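Single-letter residue listing:
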Amino acid sequence: MILAAPAHAPALAAIHAAAYPPHEEHPGEAWPAAAFAAQLASPGSFGLIELAGGLILARVAADEAEILTLAVAPAARRRGLARGLLEGAVALAGMRGAAAMYLEVSEVNTAARSLYETSAFLAIGRRRRYYPDGSDALLMRRNITCAATAAG
Ligand SMILES: CC(C)(COP(=O)(O)OP(=O)(O)OC[C@H]1O[C@@H](n2cnc3c(N)ncnc32)[C@H](O)[C@@H]1OP(=O)(O)O)[C@@H](O)C(=O)NCCC(=O)NCCS
């Protein structure tokens, strides 16, 4: 796992495109390379990349962190990449001063929900019909403890 730099933007976009293939009901879900480059250049944002085919982008503002996107290419799934990226992002966010991590996940995304629920995230709210497929978003939160910070 390595810290993503703007030069990784094309590789990040390729992983995202594999994880979010075009879908007629919600095209354009995958971020283009320019979006990754812009996000990585924005204050407080950082990314981690698994060259085997995974990525996570997050942002820290004051004492709060937010997952912006997490994706693993289909060929690299169920090998613990997402869990490792998530723990890496939590540890880095803690080192950058965050006391809590937030994210949004579709209620119908059972794989991601299972990942978050078994990684100490708790649902704290709901945004109705938030996603293009009409599904609700669950807002989830995890405390970032000193132990998580030290683990990084
Ligand atoms: C969700 C996603 C990131 C998981 O990536 P992954 O590398 O396969 O996940 P991991 O191997 O680290 O699995 C960690 C946990 O996630 C859950 N999980 C992952 N895939 C799952 C699936 N297909 N069904 C049920 N649970 C699943 C399990 O709890 C798993 O733990 P376990 O292996 O001990 O059972 C990946 O499926 C993906 O990129 N999906 C499309 C994009 C997406 O939904 N991103 C998240 C948006 S909020």
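Reading guide: rules and limits
- Residues numbered from 1 in each chain as written.
- Predicted model: local features only at pLDDT ≥ 70, side-chain atom pairs only at ≥ 80, totals over all residues.
- Heavy atoms only, no water.
- Helix = DSSP H or I, 4+ residues; strand = E, 2+ residues; numbered from the N terminus.
- Expected span 1.5 Å × (residues − 1).
- Buried < 20%, exposed > 50% of the residue type's maximum accessible area, 1.4 Å probe, protein only.
- Near = heavy atom within 4 Å.
- Polar contact = N/O pair within 3.5 Å; in protein donor to acceptor, adjacent residues only side chain to side chain.
- Pairing = 2+ DSSP bridges.
- Contact = heavy atoms within 4.5 Å.
- Axes fitted to C-alpha atoms, helices over the stretch in contact; angles between N-to-C directions.
- pLDDT = per-residue confidence, 0-100.
- Salt bridge = Lys/Arg side-chain N within 4 Å of Asp/Glu carboxyl O.

Undergrad: Could you clarify how one ought to interpret helix H3 (residues 81-95) in this entry?
TA: Residues spaced three or four apart along an α-helix face the same direction, because each turn holds 3.6 residues. For H3, with 15 residues, the first-to-last C-alpha span of 21 Å sits near the 21 Å given by 1.5 Å per residue. What H3 keeps buried is the set Leu81, Ala82, Leu85, Leu86, Gly88, Ala89, Val90, Ala91, Leu92, Ala93 and Gly94. Once H3 finishes, Gly97 follows within two positions and takes phi at roughly 100 degrees, a positive value.

Undergrad: For this particular structure, what's the right way to read the site of the ligand?
TA: Around the ligand there are 20 residues in total, and Val72, Arg78, Gly80, Asn109 and Ser114 lie nearest to it. The backbone of Arg78 places a nitrogen or oxygen atom 2.8 Å from an oxygen atom of the ligand. The separation between an oxygen atom of the ligand and a polar main-chain atom of Ala82 is 3.0 Å. Sorting the residues of the shell around the ligand by element identifies strand E4 (64-72), H3, strand E5 (100-106) and helix H4 (110-117) as the ones contributing at least two each.

Undergrad: In this structure, what is going on with the sheet that holds E5? I would like to understand it.
TA: For sheets, the rule is that strands pair by backbone hydrogen bonds, running either parallel or antiparallel. Read from one edge to the other, the open sheet built from seven strands follows the order E1-E2-E3-E4-E5-E7-E6, with strand pairing classed as mixed. Both edges of this open sheet fall to strand E1 (2-3) and strand E6 (122-127), since each of them pairs with a single strand only. Both E4 and E5 contribute to a ladder of three bridges, which runs parallel. Among the inter-strand pairings, Glu66 is bridged to a residue of E5, identified as Tyr102. In the packing of helix H1 (residues 9-19) onto the sheet, contacts are made with strand E2 (45-50), strand E3 (54-61) and E4, and the angle to E4 comes to roughly 70 degrees. In the packing of H4 onto the sheet, contacts are made with E4, E5 and strand E7 (137-143), and the angle to E5 comes to roughly 160 degrees.

Undergrad: Would you explain the confidence of the model for the protein in this entry?
TA: Detail in the predicted coordinates should be disregarded across regions flagged by low pLDDT. When pLDDT is averaged across the protein, the result is 93; 93% of the residues are at 70 or more. In this model residues 148-152 is a low-confidence stretch, pLDDT under 50, and it forms nine contacts with partners more than four residues away in sequence or in other chains.

Undergrad: Help me understand the pattern of salt bridges, please; the structure alone is not making it clear to me.
TA: When their charged atoms lie close together, side chains carrying opposite charge are able to pair. Considering all chains together, one arrives at seven salt bridges under this definition. Its salt-bridge partner being Arg142, residue Glu87 comes within 2.9 Å of it at the nearest N-O pair. Of this pair, Glu87 sits in helix H3 while Arg142 sits in strand E7, and the two are 55 residues apart along the sequence. Salt-bridge contacts for Arg126 lead to Glu107; the nearest nitrogen and oxygen are separated by 2.8 Å. In this pair, Arg126 sits in strand E6 while Glu107 sits in the loop between E5 and H4, placing the two residues 19 residues apart along the sequence.

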